[in-house]
Amino acid sequence: MPPVERAALRLHLEGHSIDEIARRLETSRATAWKRLHAGQERLKRTEGRHATAMGGQRRDRRA
C-alpha cells in the first residue's frame, strides 16, 4: 500500500476527520478523501485474496 494511503487510513482509524486528514497530509480535502477511499478499497481486495488463498470465502459485511 502506498504510504499516502496508509497515512490516510491510520489517521482515519485514529478518529480524525477528513478535514484533519487533509491538513495533516498537506493536501486538499478531495485528495485526502480519494487517498482514504483508495486505501479502504485496497484493504478490501487484499482481504478477499487472503481468504481465497486460505481456502475460505471472503466475508460479505453488507448482510
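That block above? That's the structure.
Residues numbered from 1 in each chain as written. Predicted model: local features only at pLDDT ≥ 70, side-chain atom pairs only at ≥ 80, totals over all residues. Heavy atoms only, no water.

Caption draft 1: Region of the structure containing unusual backbone geometry. Phi at E26 is positive, roughly 55°, even though this residue is not glycine. Tracing the backbone through its elements, the reader meets E26 in the loop between α2 (18-25) and α3 (29-53). Among the residues examined, E26 registers a relative accessible area of 74% and is labelled exposed. (Helix = DSSP H or I, 4+ residues; strand = E, 2+ residues; numbered from the N terminus. Buried < 20%, exposed > 50% of the residue type's maximum accessible area, 1.4 Å probe, protein only.)

Caption draft 2: Structural view of the nonpolar core. Residues A8, L9, L11, I18, I21, A22, A32 and L36 constitute the largest nonpolar core, which totals eight residues. Those elements giving two or more residues to this core turn out to be α1 (3-13), α2 and α3. Residues in contact with I21, not counting those within four places in the same chain, are A8, L11, H12, H16 and A32. (Core = buried A, V, L, I, M, F, W, Y, C linked by side-chain atoms within 4.5 Å. Contact = heavy atoms within 4.5 Å.)

Caption draft 3: Representation of the pattern of salt bridges within the structure. Within this structure, the stated rule accounts for four salt bridges. Note that R42 is salt-bridged to E5, the shortest N-O span being 2.8 Å. On the criterion of sequence distance, the pair formed by R42 in helix α3 and E5 in helix α1 is long-range, its members being 37 residues apart. Residue R42 is classed as partly exposed on the basis of its relative accessible area of 27%. (Salt bridge = Lys/Arg side-chain N within 4 Å of Asp/Glu carboxyl O.)

Caption draft 4: Geometry of the environment of R6. Looking at the element boundaries, R6 is found in helix α1. Classification of R6 as partly exposed rests on a relative accessible area of 46%. Between the C-alpha atoms of R6 and L36, which are 30 residues apart in sequence, the distance is 8.1 Å.

Caption draft 5: Quick look at the side chain of H16. Along the chain, H16 turns up in the loop between α1 and α2. Of the polar contacts made by the side chain of H16, one reaches the side chain of E14; its length is 3.4 Å. Once you skip the residues sitting within four places of it in the chain, H16 turns out to touch L11, I21 and R24. (Polar contact = N/O pair within 3.5 Å; in protein donor to acceptor, adjacent residues only side chain to side chain.)

Caption draft 6: Geometry of α2. Along α2, the positions that sit buried rather than exposed are I18, I21 and A22. Seen end-on, α2 carries its buried residues on one side only, within an arc spanning 100°. Opposite its buried face, α2 presents the exposed residues R23 and R24, each directed more than 90 degrees away. The first or second residue beyond α2 is E26, which carries a positive phi of 55°. (Arc of directions from axis to C-beta.)

Any functional reading would require information that these geometric values do not contain.
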